[in-house]
Amino acid sequence: MTTSTTRPACPGPGGYPEPDPTWGSATHAVHAGHERTEFHETSEALFLTQGFVYAAAADAEAAFEGEADRFTYSRYENPTVRTFEERLRALEGAEACAATATGMSAIFSTLAALVRSGSRVVVGRAVFGSTITLLEDILGGWGVVTDYVDAHDLEDWRRALATPADVVLFETPSNPMQDIVDVAGVSALAHAAGAVVVVDNVFATPVLQRVLPQGADIVVYSATKHIDGQGRTMGGAVLGSREFVEGPLRLILRNTGPTLSPFNAWVLLKGLETMPLRVRAQSDAALELARWLETLPRVGCVRHPFLDSHPQAALARAQMSGGGSVVTFDVSVGGRPATREETFTFLDALRLVLISNNLGDAKSMVTHPATTTHRRLGPDGRARVGISDATVRLSVGLEEPADLRADLAQALAAVPAA
Ligand SMILES: *Cc1c(COP(=O)(O)O)cnc(C)c1O
């Protein structure tokens, strides 16, 4: 390699910026975790490889004895996956991060590392549907007991956590009703009951909410949502203490194999570069749309954490730096909640906003929770969390807000008046 004699040396090893813990999140999102190869590439290298080779048999022996710190097999670790983990770790401000194939494998592996037969898990009632299936139909069969609470109600947590527990798990804001959980309050109650606090932070992302400094122990993500943000790959991640992530969690991940593919890690890594910008823009647009929706006669209750009308607006503003990219609202016909058919008429009339069960995408999407994501709760369970046939969840993307308003207005107008 030749070096210029006329140019002064750049700072940092190899002349590249060295990660600096004082960087802001946008800078971490662009640079953190990038270890350049000898080719000095601009964009992160994609190590699409299952394995790694050894110059000599003794090197393989040293690696398997754990004497050599090197990559051995991509089910265990891969350089591109590690770059993604390191970038997300820096964004979250956590000690350690492990990537997984999906959000559900992040949640399953975390719970598998924390529970035994006879363990008690206390869960916010409105968590993601597959999480309930996991707790009831899979872990339930293995002797794990799950109790549910109304997650926005600190008194309900206090009652549930008067009995010892092993794990507390919740989402805040909740899906789709945007209830806010008091992270510090619930964490204190959980710790007193002997439980580890796991937060599914998918709705807020690390851009809008950091739960570890507020008392939570572990954060899980579906990277499928805002981290990719462009509808391409599945992925997940678990963040927390080095002791947990590199200990019991890695044991499960390495030996059960919910490994993030290096290709998907690379896509997600590029997703992280623009995530702070995307999420803030989507969150601002969502609040703007929510305020506008509140003025429409064809719309009933509107829910967004940063609306002044949100019953927990003060708590939301204390815990989050933005309210998030999702707006939930009821379609209203002649002052009453729309029927399922009327709500479907509205959804089917949308031309720009897509009907999809996904969220966090650059493309705006609507979901009818009662017949899709929250079908499993049943009518009583849905009524309990406030989901009716009139309820619509809107994931706000990156389109011009004026175009979204126009589309929503024409689709609301398409519902016949009662
Ligand atoms: C999507 C989602 C999950 C599951 O993530 P996958 O990547 O689909 O496995 C878990 N929790 C929440 C809140 C989600 O939105």
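In the annotation of an unreviewed UniProt entry, the protein is listed under the name O-succinylhomoserine sulfhydrylase and assigned to Georgenia satyanarayanai. In its Cofactor (unreviewed entry) section, the UniProt entry covering the protein states "pyridoxal 5'-phosphate". As its UniProt record puts it under Subunit (unreviewed entry), the protein is described as follows: "Homotetramer."

J.: What am I meant to see in the pairing of strand β3 (residues 145-149) here?
T.: Regular strands place side chains that alternate from one sheet face to the opposite one. The pairing of strand β2 (residues 120-124) with β3 spans 5 bridges and is parallel. Across the sheet, residue Arg120 finds its bridge partner in β3, namely Val145.

J.: What is the right way to look at the confidence of the model for the protein in this model?
T.: Do not read the predicted coordinates in detail wherever pLDDT is low. Of all residues in the protein, 96% attain a pLDDT of 70 or more, and the chain-wide mean is 94. With pLDDT under 50 throughout, residues 1-5 is counted as low confidence; its partners more than four residues away or in other chains account for 1 contact. The low-confidence segment residues 8-13 (pLDDT under 50) makes 4 contacts with residues lying over four places distant or belonging to another chain.

J.: Is there a simple way to explain the site of the ligand in this structure?
T.: Neighbouring the ligand are 13 residues, the closest being Met104, Asp200, Ser222, Thr224 and Lys225. One of the backbone N or O atoms of Met104 is found 2.8 Å from an oxygen atom in the ligand. A distance of 2.6 Å separates a nitrogen atom of the ligand from a polar atom in the side chain of Asp200. Coverage of the ligand by the protein chains reaches 92% of its 380 Å² of free accessible surface. It is helix α4 (residues 103-114) that provides the largest number of residues to the shell around the ligand, a total of 3 residues.

J.: Please explain the packing of aromatic side chains as it appears in this structure.
T.: Each aromatic ring pair is specified by the distance between its two centres and by the angle formed by the two planes. Applying the stated criterion across every chain, the model contains 5 aromatic pairs. Considering the side-chain rings of Trp157 and Phe170, the 5.7 Å spacing of their centres and the 65 degrees angle between planes classify their relative orientation as edge-to-face. One end of the pair, Trp157, is in helix α6 (residues 154-160); the other, Phe170, is in strand β4 (residues 167-171), with 13 residues separating them in the sequence. According to the relative accessible area criterion, Trp157 is buried, its value standing at 0%.

J.: So what exactly am I meant to see when it comes to the UniProt feature "modified residue: N6-(pyridoxal phosphate)lysine" (unreviewed entry) in the protein here?
T.: As recorded in UniProt, the sites labelled "modified residue: N6-(pyridoxal phosphate)lysine" (unreviewed entry) are Lys225. Mapping Lys225 onto the fold places it in the loop between β6 (218-222) and β7 (236-240). Sequence-distant contacts of Lys225, defined by excluding residues within four places in its chain, comprise Phe128, Val202, Asn358, Leu359 and Gly360.

J.: What exactly am I supposed to notice about helix α2 (residues 57-64) here?
T.: Count 3.6 residues to each turn of an α-helix, and residues three or four apart come out pointing the same way. Those residues of α2 that sit buried are Ala60, Ala62 and Ala63. Axial view of α2: buried residues confined to an arc of 160 degrees, hence all on one face. Residues of α2 that are exposed and point more than 90 degrees away from the buried face comprise Ala57 and Phe64. Of the residues one or two after α2, Gly66 is the one with positive phi, at around 80 degrees.

J.: I would appreciate a short explanation of the pattern of salt bridges in the present structure.
T.: Under the defined criterion, the tally for this structure stands at 20 salt bridges. Note that Glu155 and Arg158 form a salt bridge whose closest N and O atoms lie 3.2 Å from each other. Of this pair, Glu155 and Arg158 both sit in helix α6, separated by 3 residues, roughly a single helical turn. The closest approach of N and O atoms between Glu273 and Lys270, which form a salt bridge, is 3.0 Å.

J.: So what exactly am I meant to see when it comes to the nonpolar core here?
T.: Nonpolar side chains in soluble globular proteins tend to be buried together. By size, the foremost hydrophobic cluster in this structure holds 79 residues, and its most contacted members are Phe84, Trp157, Phe329 and Phe346. Considering every element that reaches this core, the biggest residue donor is helix α10 (residues 262-293), with 12 residues. Formed jointly, this core draws a minimum of three residues from each of two domains, domain 1 (14-271) and domain 2 (277-413). Ignoring any residue separated from it by four or fewer positions in sequence, one finds Phe84 in contact with Ala99, Ala223, Ile227, Gly236, Leu260, Ala265, Leu268, Leu269 and Leu272. Among the nonpolar cores identified, the runner-up in size contains 27 residues, and Ile107, Ala113, Val121 and Val127 belong to it.

J.: Looking at this structure, I do not really get the packing of α4 against helix α5 (residues 129-139). What am I missing?
T.: A pair of packed helices can be characterised by two numbers: the angle between their axes and the separation between those axes. At a minimum axis separation of 10 Å, α4 and α5 run at an interaxial angle of 40 degrees. Between α4 and α5, the crossing angle belongs to the class labelled oblique. When the axes of α4 and α5 are compared, the crossing they make is right-handed. Here Met104, Ile107, Phe108 and Leu111 of α4 come into contact with α5, specifically with Ser130, Thr131, Leu134, Leu135 and Leu139.

J.: Is there a simple way to explain the domain arrangement of the protein in this structure?
T.: The extent of an interface is frequently quoted as the accessible surface area lost upon association of the parts. Once the domains are mapped, the protein shows domain 1 (14-271) and domain 2 (277-413). Taking the mean C-alpha position of each, domain 1 and domain 2 sit 28 Å from one another. With 38 residues of domain 1 at the interface, the matching set in domain 2 holds 37 residues. Buried area between domain 1 and domain 2, both sides added, is near 3000 Å², and the carbon and sulfur share of it is 55%. On the domain 1 side of the interface with domain 2, the three residues burying the most area are Met177, Gln178 and Leu208, jointly 25% of the side's total. Viewed at the interface, domain 2 and domain 1 are joined by 2 salt bridges. Of the charged contacts in the structure, one is a salt bridge between Arg376 and Asp137, with a shortest N-O distance of 3.1 Å. Elements that contribute at least two residues to the side of domain 1 that touches domain 2 include exactly α5 and α8 (205-208). It is α5 that contributes the most residues to the side of domain 1 that touches domain 2, 5 residues altogether. Here the residues of the side of domain 1 that touches domain 2 sort into 14 nonpolar, 16 polar and 8 charged.

About the thresholds
Residue indices follow the written sequence of each chain, beginning from 1 at its first position. Residues qualify for local features only when their pLDDT is at least 70, as the model is predicted, and side-chain atom pairs are given and counted only at 80 or more; totals for whole chains, interfaces and linings, by contrast, use all residues. Each side-chain value is derived from all of the structure's non-hydrogen atoms; neither hydrogens nor water enter the calculation. UniProt positions are given in the numbering used here, feature names are shortened, and annotations may be inferred rather than shown by experiment. By the convention used here, strands pair only if DSSP detects at least 2 bridges between them. Helix and strand assignments come from DSSP, with helices taken as H or I runs of at least 4 residues and strands as E runs of at least 2, each series counted from the N terminus. A score from 0 to 100, pLDDT tells how confident the predictor is in each residue. Any two residues having at least one pair of non-hydrogen atoms within 4.5 Å are treated as being in contact. One heavy atom suffices: a residue is near a molecule or strand as soon as one of its heavy atoms comes within 4 Å of it. Identification of polar contacts relies on pairs of N or O atoms within 3.5 Å, with a donor-acceptor requirement for protein atoms, meaning one able to donate a hydrogen and the other able to accept it, and with residues adjacent in sequence counted only if both atoms are side-chain atoms. For the area figures, the Shrake-Rupley method with a 1.4 Å probe applies, and any residue is considered shielded solely by the protein chains shown. Note on aromatic contacts: the rings of Phe and Tyr and the six-membered ring of Trp form a pair at centre separations within 6.5 Å, being stacked when their planes are under 30 degrees apart, edge-to-face when over 60 apart, and tilted otherwise. When accessible area is computed with a 1.4 Å probe and restricted to protein chains, residues below 20% of their type maximum are described as buried, those above 50% as exposed, and intermediate ones as partly exposed. To be clear, the arc concerns the directions from the helix axis to the C-beta atoms. Between Lys or Arg on one side and Asp or Glu on the other, a salt bridge is scored when a side-chain nitrogen of the former is within 4 Å of a carboxyl oxygen of the latter. Only buried residues count toward a nonpolar core. Its members are Ala, Val, Leu, Ile, Met, Phe, Trp, Tyr and Cys residues joined through side-chain atoms within 4.5 Å. Throughout, the edges of the domains are those of an automatic or database domain assignment. Structural elements are reduced to axes, namely lines fitted to C-alpha atoms, with helices fitted over the stretch in contact, and the angle between N-to-C directions of any two is expressed from 0 to 180 degrees. Angle categories: roughly parallel below 35 degrees, roughly antiparallel above 145, roughly perpendicular from 65 to 115, and oblique for all the rest. Helix crossings get a hand from a simple test, with the near helix turned counterclockwise from the far one by less than a right angle marking a left-handed crossing and a clockwise turn marking a right-handed one. When two parts are brought into contact, each loses some accessible area as probed by a 1.4 Å sphere; the total of that loss over both is the buried area. Classification used: nonpolar for Ala, Val, Leu, Ile, Met, Phe, Trp, Tyr, Cys and Pro, charged for Asp, Glu, Lys and Arg, polar for all others including Gly.

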